[in-house]
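Residues per chain, in single letters:
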Amino acid sequence: RSVIAVVVLAVVAGVGALAVMFANWTRTPEATVRQYLDYLAAGKASAATAMADPGLANDKRAFLADDVMASADARIVIEDIVADTNEDAKTRTVTATMQLDGERFTYNFTVSSAKPTFGVLKNWKLENSMVMPVRIMGDKVSKFSIGEVTTSVNADDMSTGTEFVFYPGIYTLTPVDVGEYIDADPVTVRVKPETGSGRSGDTAQRVQLKGTYNSKLSDAAVALTNSCATVPGNIDQACPNAVRATNLAVLQVKKTPTTMTKSGEKGSYTGEAVFSIQSTSSWDKEPHDVNSTVTATVTLDENGLIKLDSSGQPVFKVTFGY
């Protein structure tokens, strides 16, 4: 019985040793990197972040989210993962070759030896995450979304923008809450690391969300133009001198600036108006035309957005000239 017991123990020990050896064959630096990249390829941002946290403030990592990656137009495809040949080293370099929308690139990961499980099962820890900075600037756009995640940027065109980090992918940035007076198209950004590793020293990719004033901004100018053709609206100081008389027999708008053209001054738009006037004087026998240039300048707030009055209408400075 003693002999049998010894034999059994020897077999169990041998099987256990083989099991540990086999387990350690699969617990390699390459396997650790592959698990991380499998998460990113599947759009599992939260799981990837749990493996290798980028160590950034929360306001910088708004788009390291599952929903954002789920909405990506493209994510990485893994081609190859190779570790360096320093097999006995505590720190290893693992090079991954991937594709993003058919474009190949490589990235170097640093993997270090971690405390073994049960003292025998090897563990490896990722020391760097594959996140890349993108500096997003807004021109008349202060909010945008990717998937279900929405955040803010400074819309002032003098701002240097706001930096966020992204996992590799192709994302569509959609302006939101721009209001009815601004049109802004979505922008697609390709986030792909340069060949090599890390984000230290990299220059952040720059993306601008650009809004343009639409035709509704001319409504205020048109409304004031029509006001200048009525009494007592015609005596408004913004109206042309020729129509600011109190002895007019005929006063009407013959042409309004239905479209406005951007002028040199920031936020200023011009259009042409034509008034038909005739005074009550005996010598003024027929109505005659008065041509005037309407200039509407949008009033902006401290964030570079259109200032609205209490009724939600844009605030303009409108003047007439020749």
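Remember, it's a predicted structure, so these values are computed and weren't measured experimentally.

Student: How do you make sense of the layout of surface pockets when you look at a structure like this?
Tutor: Rolling a probe over the atoms, with the probe sized like a water molecule, indicates the empty space that remains. Of the voids in this model, the second largest pocket is the one considered here, and its volume is about 190 Å³. The wall of the second largest pocket is formed by 14 residues, among which D177, V178, G179, I306 and L308 lie closest to the centre. Grouping the constituent residues of the lining of the second largest pocket by class yields eight nonpolar, three polar and three charged.

Student: Honestly, the confidence of the model for the chain in this entry has me stumped. Any pointers?
Tutor: Close inspection of predicted coordinates is inappropriate for parts of the model with low pLDDT. In this model, the chain carries an average pLDDT of 81, and 81% of its residues clear a pLDDT of 70 or more. The lowest-confidence element of the chain is helix α1 (residues 2-26), averaging 49 in pLDDT; the highest-confidence one is strand β9 (residues 169-175), averaging 97. Low pLDDT, under 50, characterises residues 11-25; the stretch is placed with six contacts to residues that sit more than four places away or in other chains. Counted against residues more than four places away or in other chains, residues 196-202, with its pLDDT under 50, gives 14 contacts.

Student: Please explain the sheet that holds strand β6 (residues 143-146) as it appears in this structure.
Tutor: What holds strands together in a sheet is hydrogen bonding between their backbones, with the strands either parallel or antiparallel. If you trace the four strands from one edge of the open sheet to the other, you get β7-β6-β9-β11, paired in antiparallel fashion. The sheet is open, and its two edges are formed by β7 (149-152) and β11 (187-191), each paired on a single side. Across this sheet, the average inter-strand angle for adjacent strands is 30°, counted without regard to direction. Of the strand pairs in this sheet, β6 and β7 are connected by four bridges, and their pairing is antiparallel. Paired with S145 across the bridge in β7 is T150.

Student: Would you take a moment to explain the nonpolar core for this structure?
Tutor: Generally speaking, soluble globular proteins have nonpolar side chains that are buried together. Counting 48 residues, the largest nonpolar core has Y36, L37, M130, Y167 and Y171 as its most contacted members. Core analysis: the next-biggest nonpolar cluster, separate from the first, contains 23 residues, F275, V290, V298 and V318 among them.

Student: Just checking my understanding: could you explain the pairing of strand β15 (residues 268-279) for this structure?
Tutor: Consecutive residues of a regular strand have side chains that alternate between opposite faces of the sheet. Counting buried positions along β15 yields 10 of 12 residues, so the element is predominantly enclosed. Alignment of strand β13 (residues 248-255) against β15, held across six bridges, turns out to be antiparallel. Residue pairing across strands places K255 opposite V274, the latter belonging to β15. Note: β15 against strand β16 (residues 288-298), 10 bridges, orientation antiparallel. The residue bridging T270 from the neighbouring strand is T295, located in β16.

Student: Just to check I follow, could you spell out the sheet that holds strand β8 (residues 162-166) for this structure?
Tutor: The four strands are arranged β8-β5-β12-β10 in an open sheet whose pairing can be described as mixed. Where the open sheet ends on each side, the last strands, each with one partner, are β8 and β10 (182-184). Here the average twist between neighbouring strands, direction ignored, is 30°. Inspection of the sheet shows strand β5 (residues 132-139) paired to β8 by five bridges, in the antiparallel sense. Residue pairing in the sheet places M132 in a bridge with F166 of β8.

Student: When you look at unusual backbone geometry in this model, what are you seeing that I'm missing?
Tutor: Residue V231 is joined to P232 through a cis peptide bond whose omega torsion reads 10°. Its location among the elements puts P232 in the loop between α5 (218-227) and β13. Despite not being glycine, K140 shows a phi value in the positive range, around 70°. Mapping K140 onto the fold places it in the loop between β5 and β6. Backbone geometry at D177 places phi at a positive 55°, although glycine is not the residue there.

Student: Before we go on, may I ask you to explain the pattern of salt bridges in this structure?
Tutor: One side chain can pair with another of opposite charge once the charged atoms of both are near each other. Counted under the stated rule, the structure contains 11 salt bridges. With its nearest N and O atoms 2.6 Å apart, the salt bridge here joins D84 to R92. Here E103 ties to R190 by a salt bridge, and the two come within 3.4 Å at their closest N and O atoms. Taken together, the positions of E103 in strand β3 (residues 103-117) and R190 in strand β11 put the pair 87 residues apart, joining distant regions of the chain. In this structure E103 comes out as partly exposed when scored by relative accessible area, which is 34%.

Student: For this particular structure, what's the right way to read the packing of aromatic side chains?
Tutor: For any pair of aromatic rings, the description consists of the separation of the ring centres together with the inter-plane angle of the planes. The final tally for this structure, using the stated rule, is seven aromatic pairs. Measuring from centroid to centroid gives 5.7 Å for Y36 and F109, while their planes differ by 75°, and the two rings are edge-to-face. With Y36 in helix α2 (residues 29-41) and F109 in strand β3, the pair connects residues that are 73 residues apart, well separated along the chain. Residues Y36 and F109 agree in their burial class; the two are buried. With 5.3 Å between their ring centres and 45° between their planes, F166 and Y171 make a pair best called tilted. Residue classification places F166 among the buried positions, given a relative accessible area of 0%. Feature note: the residues F63, F144, F164, F166 and Y171 constitute an aromatic cluster, connected by ring pairs.

How each quantity is defined
Residues numbered from 1 in each chain as written. Predicted model: local features only at pLDDT ≥ 70, side-chain atom pairs only at ≥ 80, totals over all residues. Heavy atoms only, no water. 1 Å grid on protein atoms, 1.4 Å probe; cavity = no way out; pocket = protein on both sides within 12 Å on 5 of 7 lines; lining within 4 Å. Points joined across faces, edges and corners; volume = space filled by probe spheres on them. Nonpolar A, V, L, I, M, F, W, Y, C, P; charged D, E, K, R; others polar. pLDDT = per-residue confidence, 0-100. Helix = DSSP H or I, 4+ residues; strand = E, 2+ residues; numbered from the N terminus. Contact = heavy atoms within 4.5 Å. Pairing = 2+ DSSP bridges. Axes fitted to C-alpha atoms, helices over the stretch in contact; angles between N-to-C directions. Core = buried A, V, L, I, M, F, W, Y, C linked by side-chain atoms within 4.5 Å. Buried < 20%, exposed > 50% of the residue type's maximum accessible area, 1.4 Å probe, protein only. Salt bridge = Lys/Arg side-chain N within 4 Å of Asp/Glu carboxyl O. Phe/Tyr/Trp six-rings, centres within 6.5 Å; stacked < 30°, edge-to-face > 60°.

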